[in-house]
Amino acid sequence: MSDENGVKRSVRGDLVKVLLHRRTDRGMTLEPHASRCMRRGEVHELVTTDQRDLGPGARVDRVGFLGFVELTCAGVIDRGDDVWLDGLCIGTVLGFDACHFPNHYNILIGTGRLLTGGDLELCPELPVAFTQASAAAP
């Protein structure tokens, strides 16, 4: 946690659609913003990448699609937050791609390998949480 950030609550939601595909030529771009305020009821896409050392403006080609999450509580999602799916920490928020905004953000998640919703055997209604990296499991 940086010196400018205090503690925060977790942002939680439920998976509403599972995605099964991956790409190596996607061309997403990391937004310069380290955080995004999220409203209850918004739907955003969860996307994994195994690319490393990505900074603002970086091109992200290697992606795996997990699915869409509907947020059940508002809050702030920060770069570096842990991402939990059904109680399992699957990776860390790397940032946001806004190519579909204002419809939704792509929330980019750093993982050890590209993961899809099929790889994790996801199904609708599974709980999703974004927690401060130093926080315990949801």
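That block above? That's the structure.
Here goes a summary of the coordinates provided.

Rules of the game
- Residues numbered from 1 in each chain as written.
- Predicted model: local features only at pLDDT ≥ 70, side-chain atom pairs only at ≥ 80, totals over all residues.
- Heavy atoms only, no water.
- Helix = DSSP H or I, 4+ residues; strand = E, 2+ residues; numbered from the N terminus.
- Salt bridge = Lys/Arg side-chain N within 4 Å of Asp/Glu carboxyl O.
- Buried < 20%, exposed > 50% of the residue type's maximum accessible area, 1.4 Å probe, protein only.
- Core = buried A, V, L, I, M, F, W, Y, C linked by side-chain atoms within 4.5 Å.
- Contact = heavy atoms within 4.5 Å.
- Phe/Tyr/Trp six-rings, centres within 6.5 Å; stacked < 30°, edge-to-face > 60°.

The step from phenylalanine 101 to proline 102 runs through a cis peptide bond, and the omega angle for that step is 20 degrees. Among the structural elements, proline 102 can be located in the loop between β10 (88-97) and β11 (106-110). For aspartate 86, which is not glycine, the phi dihedral falls at a positive 50 degrees. Positionally, aspartate 86 belongs in the loop between β9 (82-85) and β10. Here the phi dihedral of glutamate 121 falls at roughly 50 degrees; this positive angle occurs in a residue that is not glycine. Locating glutamate 121 in the fold gives a position in the loop between β11 and β12 (127-131).

Right, let's talk about the pattern of salt bridges for a bit. Using the criterion set out here, one finds seven salt bridges in the structure. Across the pair arginine 39 and glutamate 42 runs a salt bridge, and its minimum N-O distance is 3.5 Å. According to the relative accessible area criterion, arginine 39 is exposed, its value standing at 61%. Bridged by salt links that share partners, the residues Lys8, Asp78 and Asp81 form one connected network.

In terms of nonpolar packing, the biggest core is built from 21 residues, with Leu46, Leu66, Ile77, Ile107 and Phe130 touching the most fellow members. Going through the elements one at a time, β1 (11-18), β7 (63-71), β9, β10, β11 and β12 are the ones with two or more residues in this core. Excluding residues that lie within four positions of it along the chain, leucine 46 makes contacts with Leu15, Gly64, Phe65, Leu66, Gly67, Val69, Leu85, Ile107, Ile109, Val128 and Phe130. Grouped together as the second largest cluster of nonpolar side chains are 12 residues, Leu19, Met28, Leu30 and Val60 included.

Turning to the packing of aromatic side chains, a few remarks are in order. One pass over the full model with this rule turns up two aromatic pairs. Through successive ring pairs, a cluster of aromatic residues spans Phe96, Phe101 and Tyr105.

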